[in-house]
Amino acid sequence: MSGVFCAANVSKWFGRVAVLRDLNLEIPEGSVFGLIGPNGAGKTTTIKIVMNILQPTSGHVDVLGVDSRQLGPKEFSRIGYVSENQEMPQWMTVDYLLAYLKPFYPTWDDALAAELVRQFDLPRGRALRKLSRGMWMKAALASSLAYRPTLLVLDEPFSGLDALVREQLIEGLLESAGETTILISSHDLADIESLVSDIGFLDRGRLQFSEEMESLSARFREIEVTVEPPAKVPADGQWPSSWLRPEVAPALVRFVESHFDPERTTSEIRCLFGNVRQISVNTMPLRAIFLTIARSISRAS
């Protein structure tokens, strides 16, 4: 395997409980990859395997071309890591923390560190224990970006933060995008939608899909069809396979098209319902797409 991050047939068991099952995933170099899914899907476990905090039960993970189980100081000097439960020495000031970390990272950039402190409005002389949660997370991110990591791993970085702090963190990440590959796990879908270039959906330990955000947004549409009442339902109850969550009212049919194509979708609608009064096609935010997929998987299981 090659690339910044590659996982092949990775499974992780805790006793008799499977948390990851046959995960195959490659993150494009220079991308901002969002890993989403419901609670317990395996997102944090995946990140802990990436960081060699946990080891896979089976399968293989390469990080920066090295088996994740063999990651050492050389590799970690090129990896940044920020989590919602980030631990840092509370007695250190912001300035002391940055000065303390600098010798561990050959690529440390003093000018960038100073710019991040300014951008995040960090109080240089204040002890970390006296920082608000938002300032704490900004200090953690600044200390991880200052050495221009090849890979930046973020586990729920926006959890519990107010809108202004989230916006400042996103701005800092966007400025690093391109030179740094970013892997981010987050429940804050509205925030990461504007940030990520690629997206992967985990559910109950299995990767349901991995694709470019642009492609995902393009193929999902919420469709409303106004028909002559009463609306027809397929005689066999079988809707087109790409139609998710169909709902029928006397003069309205609503569904989510998961593989939208204007010509094909319109043809299928007219084939089922004949002449229709109106077809409305609406784009969907990431949160709506996520809920649609999650509910469809839940109903199918």
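Our subject is the structure that appears above.
Everything numeric here is computed off the predicted structure, so don't read it as measured data.

Basis of the calculations
- Residues numbered from 1 in each chain as written.
- Predicted model: local features only at pLDDT ≥ 70, side-chain atom pairs only at ≥ 80, totals over all residues.
- Heavy atoms only, no water.
- Buried < 20%, exposed > 50% of the residue type's maximum accessible area, 1.4 Å probe, protein only.
- Helix = DSSP H or I, 4+ residues; strand = E, 2+ residues; numbered from the N terminus.
- Arc of directions from axis to C-beta.
- Contact = heavy atoms within 4.5 Å.
- 1 Å grid on protein atoms, 1.4 Å probe; cavity = no way out; pocket = protein on both sides within 12 Å on 5 of 7 lines; lining within 4 Å.
- Points joined across faces, edges and corners; volume = space filled by probe spheres on them.
- Nonpolar A, V, L, I, M, F, W, Y, C, P; charged D, E, K, R; others polar.

Peer 1: Hey, could you run me through helix α3 (residues 94-101) in this one?
Peer 2: Within the sequence span of α3, burial applies to V94, L97, L98 and L101. Down the axis of α3, the smallest arc covering the buried residues is 95°, so these residues share one side. Among the structural elements, α4 (110-119) and α5 (133-145) are those in contact with the buried residues of α3.

Peer 1: When you look at the layout of surface pockets in this model, what are you seeing that I'm missing?
Peer 2: One simple way to see leftover space: roll a probe sized like a water molecule over the atoms. Reported here for the largest pocket is a volume of approximately 380 Å³. In terms of lining residues, the largest pocket is bounded by 17 residues, among which Y81, Q86, E87, L101 and Y105 are the most central. Among the elements of the structure, β6 (79-83), α3 and α5 are those that each provide at least two residues to the lining of the largest pocket. Of the pockets and cavities examined, the second largest pocket occupies roughly 250 Å³. Around the second largest pocket sit eleven residues that line it, and R219, F220, L244, S258 and I293 are the ones nearest its centre. Secondary-structure elements contributing two or more residues to the lining of the second largest pocket are β10 (206-212) and α10 (286-300). No other element matches the four residues that α10 contributes to the lining of the second largest pocket. Its residues assigned to classes, the lining of the second largest pocket shows six nonpolar, four polar and one charged.

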